[in-house]
Every structure is written in structure tokens, then in C-alpha cells.
Amino acid sequence: MRRALVLGLLLAAGAAAAAPPLAPRDSALLAPRGSWSVGVLEPLRYAVSDRVTLSAHPLLCALAPNAGAEVALGRVGGVVLAGEAGASVPTLALRVLQGHLLPEWKTSGRTVGLSLVPHAGVRASRALGEPGLLTVSADVAVGLTRPLGETQGLGAPAPLELLLAPALGGVRTRAGVLGEWALRPRLRLRLQGDLFHYDAGGSPWSTRVGAGVDVGVGVHGRLALGAQWWSSDQHAYDFASGEHHRSHDFLPTLDFIWAG
């Protein structure tokens, strides 16, 4: 038993040593041709060339078929630029929610029609010394239909509210900054901040601040661990003071990403 344990540790150490360093995520640096990655929450990405990467969210495809593409735009000085665009069709997802998160739709006497949500964005990345990478990005998503009339927001936690915002007929914009540092070849630190805008009948601004680490697992895997703080208007009301106030949520993040 002792020999088997020692052998297992040696094999694991050898595999970790042979594994490539973890690459940055969500930056303007696109993966080389033939590379791919997929996570539980991260989209499936496949690099059809050194300049074009296709993507889709497998977890959402059943209720909201979607596809996207990232394209390298070149380099300006020490800054690498990339653009992204795509679309989703969340019609089935809205029909499932019609009598739940949106109870007024249940008695509307109508059925949610075709809903199309295109999105586009741009990223710019610059090295921060040898181990660091700074990425600034912005994107916009637009709902091209208003399924059952005006919607003043769900009053739901910010991640769900912002996910559904364009599908409910709104326009969601985001600007963000992400810093990554390679602490070890198979260990990366991530710090991010994002500002969202969506007119949901209250304050149109939501904020996200997060921190996390990516840890290499074996040769092809990585475990993404972290936490996020959200500040948003969920239409909360303090009956004791008679004041409307913003909501603040602390949420853990966890994903396993497989890449090759």
C-alpha cells in the first residue's frame, strides 16, 4: 500500500511537471489553431485558426441556443485587440419562465414569441511585467423583441437579472477590467471589476467585484475558485425606515475547465 501511494504521488508529480502553464482566460489573447476548452459554466471554445475562435454555452443550448465568435484584431504597440460577436435565441427559456419568475405573463393569454439577442464586444490586453496581464473590455447585448409587453425587471439577484435583461426586451451594456498574474506555472490569480447598465425600473447600474484563483488539475484541467460581490437594485424596501435601498450579495464561484 505504501509503495502504491508513493508511486501514485510520483506519477502525479510527473504529470504536473509535464503539464503546460495555465493560459489566461477572458483576454484578447486567442488560443492557437486546434485548441479547445469547455467548463461547466465556461463556454465551449474551439480555435478554428490562430485568429478565429468559435464558442457556445452547452449548458444553455437546450433552452437558449447560442453561438459566438472571437476574432483577433491585431496589435497596437504593446496592446493586443480582439472583437467578439454572437447571438442567442432564448424563446424556450422565456416560455418556461412565463408562469414562474414572470407570473403576470401566465394570465396574459398570449405565448412568448421568437426572441433574438445579439451581442458584440471588444477586448484589449497588455502585459503587466513578466507574470501579469491586464484586460479591459466592453460589450452590449440587445433584445430585438419585447415578448409580452414592457417589463420593469424581475427584482431578482443581479446575476439572474442581468442574464435575462436583454431577453426581456432591454439593452444591457458592460465595461470591465481584469487583472491576471501567474503565481506559478499552474496557478493564476484573477481580480476583476465590472459595471453593468440596464433600465429595469429602478437604478440602472449594477456592480460586480471578484477575486479568484485558477489551479491546474492534471495535464488538461483547471479548477476556478473565487468569490464575487454584487451591488444592484433588486427593489428592496425597508418597511421600518420607509426607505428603498440597494442589495449587496456575496456569491462563491466554482467551475472546472477542461482544455486541450
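Keep in mind the model is a prediction, meaning the values are calculated, not measured. (Residues numbered from 1 in each chain as written. Predicted model: local features only at pLDDT ≥ 70, side-chain atom pairs only at ≥ 80, totals over all residues. Heavy atoms only, no water.)

Engineer: I'd like a rundown of the packing of aromatic side chains, residues and numbers included.
Structural biologist: Under the definition given, this model contains two aromatic pairs. Ring geometry for F196 versus W230: centroids 5.7 Å apart, planes at 25°, classification stacked. Taken as a pair, F196 in strand β9 (residues 187-197) and W230 in strand β11 (residues 221-238) lie far apart in primary sequence, 34 residues in all. Each member of the pair F196 and W230 is classed as buried. Taking 6.2 Å as the distance between ring centres and 35° as the angle between the ring planes, the aromatic pair formed by F256 and W258 counts as tilted. Overall, F256 belongs to the partly exposed group, its relative accessible area being 33%. (Phe/Tyr/Trp six-rings, centres within 6.5 Å; stacked < 30°, edge-to-face > 60°. Helix = DSSP H or I, 4+ residues; strand = E, 2+ residues; numbered from the N terminus. Buried < 20%, exposed > 50% of the residue type's maximum accessible area, 1.4 Å probe, protein only.)

Engineer: Pulling in residues and values, what's your account of the nonpolar core?
Structural biologist: In this structure, L94, L162, L168, Y198 and W230 are the most contacted members of the largest nonpolar core, which totals 14 residues. Elements with a contribution of two residues or more to this core: α3 (91-97) and α4 (158-164). Counting residues per element, this core draws most heavily on α4, at three residues. (Core = buried A, V, L, I, M, F, W, Y, C linked by side-chain atoms within 4.5 Å.)

Engineer: Outline unusual backbone geometry, listing residues and values.
Structural biologist: Peptide bonds are mostly trans, and most non-glycine residues show a negative phi. Positive phi values are uncommon outside glycine, yet D26 reaches one of about 60°. With respect to the helices and strands, D26 occurs in the loop between α1 (2-18) and β1 (36-39). Residue D26 is classed as partly exposed on the basis of its relative accessible area, which comes to 27%.

Engineer: Explain the confidence of the model for the chain residue by residue, including any values.
Structural biologist: Residues at a pLDDT of 70 or more form 79% of the chain, whose mean pLDDT is 85. For residues 4-16, every residue scores under 50 in pLDDT, and the model assigns this stretch one contact once sequence neighbours within four places are set aside. (pLDDT = per-residue confidence, 0-100. Contact = heavy atoms within 4.5 Å.)

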